[in-house]
Amino acid sequence: RKKLYRSGYVFLLLYFAVMLLQVTLKIMSKTWLMNNWGFLYGLSYFLPLLYGPLIFLFARQILSTDKLRFPAYLHFVPFVMGFLYLLFEWQFDFFHPVINSLFRGGSGMLIQLASITFYHGLAMQLWTRHKSSLKNYFSETHRLQLNWIRQLVISSFVVCAIIAVALY
C-alpha cells in the first residue's frame, strides 16, 4: 500500500492486459481478424516479447527501492522493433526476409522462449537476493518474504512458455 509499491503494479497490470489481448486475439477467427485487423493479428505474434520484461520490471519495482530510469525501458526494444516492422512493413521490403527469419517459425519461438526464460530468471534472482537480504535486517522473516512473487514468477514462466510454443 505504500507509494513505493504502487509503481510496480503498473507493470503487473500491463502484463495481464497483454496476456488478455493475446488470448482474445487467439480465440477470434483468424480469417476475420486477418481481413479486418491485420496489423493487430501480426502484432499478436510479437506480444510474448513483452511478458518477460513486464514481469521482471514488476519484480524489480516491488523488491527494490531503486527508482526506474530510462535504461529499464530498453528491455522493450525487441517488441518495438516488431511493432515498427508491422507499422512500416510496406515501406521496408528488404527487412521482410530478415524479420521473417528472426521472428517467425521455429527461430521466433526460440527467441521468445529465450526472452521469457532470461527475464523470469532475472526476476527469480531478484527475489532470491531480496529474501537473503531480509535475514540481515530482521530476525523473523516469514511474514516479509513475499513468497507470492516467487509463485507468480514461476506460474508466469510456465504459462508464457506454453503460449510461445502454442503460437508456433
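Above: the structure in question.
Quick look at the structure, then. (Residues numbered from 1 in each chain as written. Predicted model: local features only at pLDDT ≥ 70, side-chain atom pairs only at ≥ 80, totals over all residues. Heavy atoms only, no water.)

**Examining the overall build of the protein**
Here's step 1: Across its full length, the protein holds eight helices and zero strands.
Here's step 2: Reading the protein from its N terminus to its C terminus gives the helix and strand order α-α-α-α-α-α-α-α.
Here's step 3: Looking at the protein residue by residue over its 168 residues, the buried ones come to 38%.
Here's step 4: Within the protein, contacts between residues separated by at least 24 positions form 72% of all contacts whose residues are at least 6 apart in sequence.
Here's step 5: Accessible area for the protein stands at about 10200 Å²; split by element, carbon and sulfur atoms hold 68% of it. (Helix = DSSP H or I, 4+ residues; strand = E, 2+ residues; numbered from the N terminus. Buried < 20%, exposed > 50% of the residue type's maximum accessible area, 1.4 Å probe, protein only. Contact = heavy atoms within 4.5 Å. Areas by Shrake-Rupley, 256 points an atom, 1.4 Å probe, with all protein chains shown as cover.)

**Thoughts on a nonpolar patch on the surface**
Here's step 1: Together, Phe 39, Val 80, Leu 84, Leu 87 and Phe 88 make up a nonpolar patch on the protein surface, roughly 380 Å² of accessible area in all.
Here's step 2: Locating Phe 88 in the fold gives a position in the loop between α5 (77–87) and α6 (96–103). (Patch = residues over 30% accessible without salt bridge, like charges linked within 9 Å, V, L, I, M, F, W, Y side chains within 5 Å. Salt bridge = Lys/Arg side-chain N within 4 Å of Asp/Glu carboxyl O.)

**A closer look at the packing of aromatic side chains**
Here's step 1: As enumerated under the stated definition, the model contains nine aromatic pairs in all.
Here's step 2: Arranged with centres 6.0 Å apart and planes meeting at 45°, the rings of Phe 56 and Tyr 119 form a pair that is tilted. One end of the pair, Phe 56, is in helix α4 (residues 48–63); the other, Tyr 119, is in helix α7 (residues 105–137), and 63 residues separate them in sequence. This pair shows no difference in class: Phe 56 is buried, exactly as Tyr 119 is. (Phe/Tyr/Trp six-rings, centres within 6.5 Å; stacked < 30°, edge-to-face > 60°.)

**Quick look at α5**
Structurally, the α-helix is built with 3.6 residues per turn, so residues lying three or four positions apart point the same way.
Here's step 1: Within α5, the full set of buried residues consists of Phe 79, Gly 82, Tyr 85 and Leu 86. For α5, the angular spread of the buried residues around the axis is 125°, confining them to a single face. (Arc of directions from axis to C-beta.)

**Points about the environment of Met 124**
Here's step 1: Note that Met 124 resides in helix α7.
Here's step 2: The contacts of Met 124, once residues within four sequence positions are left out, are Arg 150, Val 153 and Ile 154.

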